[in-house]
Amino acid sequence: MKIKYKGMISSDWNECLAPCGPFDPIAFAYPELETDLSNIFRSYTSNQISLSEATRRIAGLLSKPLGEKQMDAYLDASFVTYTGVRDLIKWCKKRDILFMINTTGMQGYFQRAMAKGLLPEGIVVAANRTISYAEHGMELYEVREIEDKAKNTETVMRAYGISPNKVILMGDSGGDGPHFAWGASVGAHLVGSMTKPSLENFCRNKGIEINTRFGVSSSEGEEKDPKREMEVDFMGLVAVIEKLVMGQ
């Protein structure tokens, strides 16, 4: 029997809940590709190229797909989230709030992270299939283009009978813009997490209001400050969730 969820969080992962990029596992295995991968990442998060074009370019850089052992080696050495993220996911689970990671990152990253116990059980994942392994029992959806984030959130929201006004969307960059545009159209609550200028610009140009800004927001041309970002405790979002989802 399906759980009757009180509400739902659908969040990006990279540089939103975790201080890493979607292509970091590839750069870990093939450090000589790091600059090319970083440039591709910035191009699609700033809406200069599509996600499918980004993955096509990445596939062209690789002689073969990243294997499970290579992904495991990356996770063993480098898996990290922002402070309090796993606690927040567990907090949501205990209160019947569905937590969905909805990202352009790779399915294989989350499949192996789940198999290794690095992420709490019971989350829903939507991610890109460019790197994908055995599913390990998780509820899994595909993100081929950034527009798929909204489609995936809506699919899960409807499947579990969750009202749009009990849905919280979280994103950090322009790649989350279409997700936010959909959220604004249905009355979801929009949270900018570690908000980048590309998301601010997208929302301003589309007349979209970011309801809550959380964490360290950066200005145009400003360097990231990893130390400050890691000082942010994501359990600080509990008050926002309680007010919106639980009416407290």
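As shown above, the structure is provided for reference.
Overview of the structure. (Residues numbered from 1 in each chain as written. Predicted model: local features only at pLDDT ≥ 70, side-chain atom pairs only at ≥ 80, totals over all residues. Heavy atoms only, no water.)

1. As for the packing of helix α2 (residues 34–45) against helix α3 (residues 51–61)
Here is step 1: Direction vectors running N to C along α2 and α3 enclose 170°, while the axes themselves pass 9 Å from each other. Here α2 lies roughly antiparallel to α3, going by the angle between them. Between α2, through D36, L37, I40 and Y44, and α3, the contact on the second element is made entirely by L51, A54, R57, I58 and L61.
Here is step 2: Residue classes in the contact of α2 with α3 are distributed as seven nonpolar, no polar and two charged. (Axes fitted to C-alpha atoms, helices over the stretch in contact; angles between N-to-C directions. Helix = DSSP H or I, 4+ residues; strand = E, 2+ residues; numbered from the N terminus. Parallel < 35°, antiparallel > 145°, perpendicular 65-115°, else oblique. Contact = heavy atoms within 4.5 Å. Nonpolar A, V, L, I, M, F, W, Y, C, P; charged D, E, K, R; others polar.)

2. Re the pairing of strand β2 (residues 97–106)
Here is step 1: Most of β2 is tucked away, with ten of its ten residues classed as buried.
Here is step 2: Neither face of β2 is left uncovered, since the one carrying I97, F99, I101, T103 and G105 and the one carrying L98, M100, N102, T104 and M106 both have all their residues buried.
Here is step 3: Here five bridges tie strand β1 (residues 7–11) to β2, and the two strands are oriented parallel to one another. Looking at β2, one finds that I9 is bridged to F99. (Buried < 20%, exposed > 50% of the residue type's maximum accessible area, 1.4 Å probe, protein only. Pairing = 2+ DSSP bridges.)

Just distances and angles here, no functional claims.
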